[in-house]
Amino acid sequence: MLKVFLLIIVGLGGDPETAKTFHRWGNTLAEASQRLGVPPDRLVLLMGESVEGDARVCGRSTRDEVTKALTKFAAEAGADDLVFITLIGHGQWDGRAAKFNMPGPDMGPEDFEPLLKKLRSKQIVLVNTASSSGPFLEALSAPGRTLVSATRSGAEHYTTLFGGFFVDALNSPTADADKNKRISVLEAFQFAKAEVARAYEREGLLATEHPMLDDDGDKKGSAEPSPTAGDGKVAAVLSLGDASNDGLPSDPKLRALHLERREMERRVEALRLLKDSMDPARYTCELEKLVTAIALKTREIRAAEGQ
């Protein structure tokens with residue numbers, strides 16, 4: 001039986017609010033993966049910021065801890081197992097090389113390549129949700145690797161929304177396009193890409209991130225992968241596990257209310273990450289409306305639960 005090994009690397013946030021957002025994305029992915037069937041002994045969650053009392057966190061996201069985690073996976077994961085690596089945070093590009101921002105030395109594709117080569121697994125998924133993540137896809141592309149980047153190039157250096165929506169996809173019944181109770185990497189990619197586009201359109205902003213996927217090893221990512229295209233065939237069959245338990249109430253009315261509130265919470269998160277690109281007065285107005293709507297929806301949920 002195929003086993004899934006998951007490494008979640010949450011880098012530095014840059015400021016307290018963004019760090020909190022990245023921390024939530026990492027924790028949400030860890031929580032969702034356990035519901036999807038990834039046991040604690042095959043899950044490693046590393047955080048860039050110091051977090052006390054968080055039982056899921058295995059350590060700080062330093063180069064040494066990443067090396068330790070992937071060395072462990074190399075010893076335990078067999079050829080037929082799936083190794084899934086997700087990077088959440090900020091990236092940078094100096095015109096020549098891309099890096100993922102971490103405590104201590106940052107890591108680039110050249111640091112991940114030897115660690116990936118040690119893995120015996122024939123299927124490796126690496127999702128880099130950071131800014132300037134495009135060069136990771138081209139540099140790490142190889143047969144047996146499914147690579148996702150939040151941006152198409154290193155020049156797209158603004159904070160990205162893609163990571164939050166990708167994590168939400170693994171936790172959302174609406175992302176399961178074929179309704180087979182398993183959310184594939186391709187389905188998560190397509191869901192997140194669509195939500196990113198909606199977020200920018202909603203605020204009337206020019207998109208500064210363009211997600212890409214490569215799973216055929218040709219070092220060329222695709223913005224439109226599909227099960228019948230060059231890119232997308234492998235991603236369409238890879239998933240973290242069974243998504244039949246999504247953590248939402250079974251009662252149809254309560255479930256709908258929770259989904260509505262989740263959508264509002266996503267919008268608040270996206271709005272905060274886009275804050276620097278928006279007119280301050282408009283940002284404040286939009287945020288106040290959403291926060292009020294969430295409070296009212298929460299009151300509605302509590303009333304329904306009381307009944």
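Higher on the page you've got the structure.
These remarks concern the structure in this document.

**Regarding the layout of surface pockets**
Here comes step 1: Approximately 730 Å³ is the volume found for the largest pocket.
Here comes step 2: Lining the largest pocket we find 26 residues, and of these R24, T28, E265, R266 and E269 sit closest to its centre.
Here comes step 3: For the lining of the largest pocket, the secondary structure elements donating two or more residues are α1 (16-35), α7 (252-273) and α8 (280-306).
Here comes step 4: Take the lining of the largest pocket: its biggest share by element is nine residues, from α1.
Here comes step 5: By residue class, the composition of the lining of the largest pocket is five nonpolar, seven polar and 14 charged.
Here comes step 6: Roughly 330 Å³ of volume is contained in the second largest pocket.

**A closer look at the pattern of salt bridges**
Pairing between side chains becomes possible if they bear opposite charge and their charged atoms approach one another.
Here comes step 1: According to the stated counting rule, one finds 19 salt bridges in the structure shown.
Here comes step 2: Close ionic contact of D111 with K99 constitutes a salt bridge, the shortest N to O distance being 3.8 Å. Residue D111 is located in helix α3 (residues 109-118), and its partner K99 is located in strand β6 (residues 98-100); the two are separated by twelve residues in the primary sequence.
Here comes step 3: In this structure, E300 engages K297 in a salt bridge whose closest nitrogen and oxygen atoms are separated by 3.3 Å. With E300 and K297 both in helix α8, this residue pair falls three residues apart, about one helical turn.
Here comes step 4: What makes E300 partly exposed here is its relative accessible area of 39%.
Here comes step 5: Overall, the relative accessible area of 11% leaves K297 in the buried class.
Here comes step 6: Through salt bridges that share partners, R63, K99, E110 and D111 make up one connected network.

Cut-offs applied
Residues numbered from 1 in each chain as written. Predicted model: local features only at pLDDT ≥ 70, side-chain atom pairs only at ≥ 80, totals over all residues. Heavy atoms only, no water. 1 Å grid on protein atoms, 1.4 Å probe; cavity = no way out; pocket = protein on both sides within 12 Å on 5 of 7 lines; lining within 4 Å. Points joined across faces, edges and corners; volume = space filled by probe spheres on them. Helix = DSSP H or I, 4+ residues; strand = E, 2+ residues; numbered from the N terminus. Nonpolar A, V, L, I, M, F, W, Y, C, P; charged D, E, K, R; others polar. Salt bridge = Lys/Arg side-chain N within 4 Å of Asp/Glu carboxyl O. Buried < 20%, exposed > 50% of the residue type's maximum accessible area, 1.4 Å probe, protein only.

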